[in-house]
Amino acid sequence: MAEKTASAPATAQETYVWEGTDKKGERVKGEMNGANAAMIKMLLRRQGINPLKVKKKGKMRAGGGKPVTAKDIAFFSRQLATMMSSGVPLVQSFEIIGRGHEKAAMRELVLAVKMDVEAGGTLADALRKHPIYFDELYCNLVHAGEQAGILETLLNKIATYKEKTEAIKGKIKKAMTYPTAVLVVAFIITVILLVFVIPQFEQLFSSFGSDLPALTKMVVNLSKFFQSWWWAVFGAIGGTIYGMVQLKRRSVAFQQNLDRFSLKVPIIGAILNKAAVARYARTLSTMFAAGVPLVEAMDSVAGAVGNIVYAQGVRRMRDQVASGTSLTIAMQQSGLFPNMVVQMTAIGEEAGSLDSMLGKVADFYEEEVDNAVDSLSSLLEPMIMAFLGIVIGGLVVAMYLPIFKMGEAVMGG
């Protein structure tokens, strides 16, 4: 099947995958940006293509298999860098990696890139056809390597960069996932007790003929409320989560406020700040080492820091640097970076080794994030156990208080 790339007006917002037949009746396929499927079909017909299938582009899957993840891209980058360093030609490297990958979707992606390179295109252009997996930063670094004739060196830098950034993302997820998972489990256990266990005790208590302790009354009333209004509780929780997700996607103001708030949360905020500084330093170091001009590099850095507050700060710094301000002064005026980072940047600018100094900053803060996450886990474990003990233990004690009270009455009689 032939491959064809079509283009749409600059106002397009969505990427669509299409298949159709050309004027010769041959099947062709490709990608196009447009506002909706109807516009894509109209544009294809104008180009003499009869559209057969048009759908929004999503995560690449093959035969219902697993989608390509960021870790897959990081591993692919290391494989490609290793093979290029070993003297294996680029096209052959794609063939070996693609055919040998256990994930069908990744095989499809790698072999699609290989076909574009074989057809005479540059590697950067081939990667740009898959923006979901290869972002602007990745493609810019590859382009810089191809232009300077140091693609092998740049691929090694890209592989290291992807491994470092994925490692730090993994640490942040680890810090967030553990307490969230425990809270979810605690909620599920509480619901089970309120819906299935406590009503059984309530029937037993009704035969006592005496007043129940205040704690027991409160738990019984809570159980009755939950049995009557469980749908409203779950609806409110689900609606809140859905609303937050949609607001984060659609509202820049909400996302900015959320990111700003997350940076101020005790303990977690410190980790997120250090992670953003580490990503900033790692990305700028990699871009600068690849020979990308500083102002141009900061565009990619803004998209890689992972927090809208830092992204906006980096863009303001970019404008200052473009107008002649030094990077050190721009960082200092942003108020986002610790004094140590600013001072090391100043030393790097004066010594002409900015990429090296920023690399050291990234190493330091990545280790700081690692240590902070480990400390957070050690701190959270006893707190979470205490929380579970209070919630679950409180429900159990509330149910046994009337039994203890009845036992005391019997013993006293």
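Keep in mind that this is a model prediction, so the values were computed, not measured.

Scanning all chains against the criterion turns up 9 aromatic pairs. Considering the side-chain rings of Phe-76 and Phe-134, the 6.0 Å spacing of their centres and the 65 degrees angle between planes classify their relative orientation as edge-to-face. Placement of Phe-76 in helix α2 (residues 70-85) and of Phe-134 in the loop between α5 (123-128) and α6 (136-148) is noted, with a sequence separation of 58 residues between them. The residues Phe-76 and Phe-134 share a single accessibility class, namely buried. The interplanar angle of 80 degrees and the centroid separation of 6.0 Å between the aromatic rings of Phe-226 and Phe-234 together place this pair among those described as edge-to-face. We classify Phe-234 as partly exposed; its relative accessible area is 37%. What links up through ring pairs into an aromatic cluster is the set Phe-76, Phe-94, Phe-134 and Tyr-138.

Attention shifts here to the environment of Asp-72. Topologically, Asp-72 is positioned in helix α2. Remark: the alpha-carbon pair of Asp-72 and Lys-103, spanning 31 residues in sequence, is separated by 9.2 Å. With residues near it in sequence (within four places) discarded, Asp-72 still touches Pro-67, His-101, Lys-103 and Met-106.

Right, let's talk about the confidence of the model for the protein chain for a bit. For the protein chain, per-residue confidence averages 80 on the pLDDT scale, and 90% of positions sit at 70 or higher. For residues 1-13, every residue scores under 50 in pLDDT, and the model assigns this stretch 29 contacts once sequence neighbours within four places are set aside. Throughout residues 59-64 the model reports pLDDT below 50, and contacts reaching past four residues in sequence, or to other chains, amount to 18 contacts.

Cut-offs and rules
- Residues numbered from 1 in each chain as written.
- Predicted model: local features only at pLDDT ≥ 70, side-chain atom pairs only at ≥ 80, totals over all residues.
- Heavy atoms only, no water.
- Phe/Tyr/Trp six-rings, centres within 6.5 Å; stacked < 30°, edge-to-face > 60°.
- Helix = DSSP H or I, 4+ residues; strand = E, 2+ residues; numbered from the N terminus.
- Buried < 20%, exposed > 50% of the residue type's maximum accessible area, 1.4 Å probe, protein only.
- Contact = heavy atoms within 4.5 Å.
- pLDDT = per-residue confidence, 0-100.

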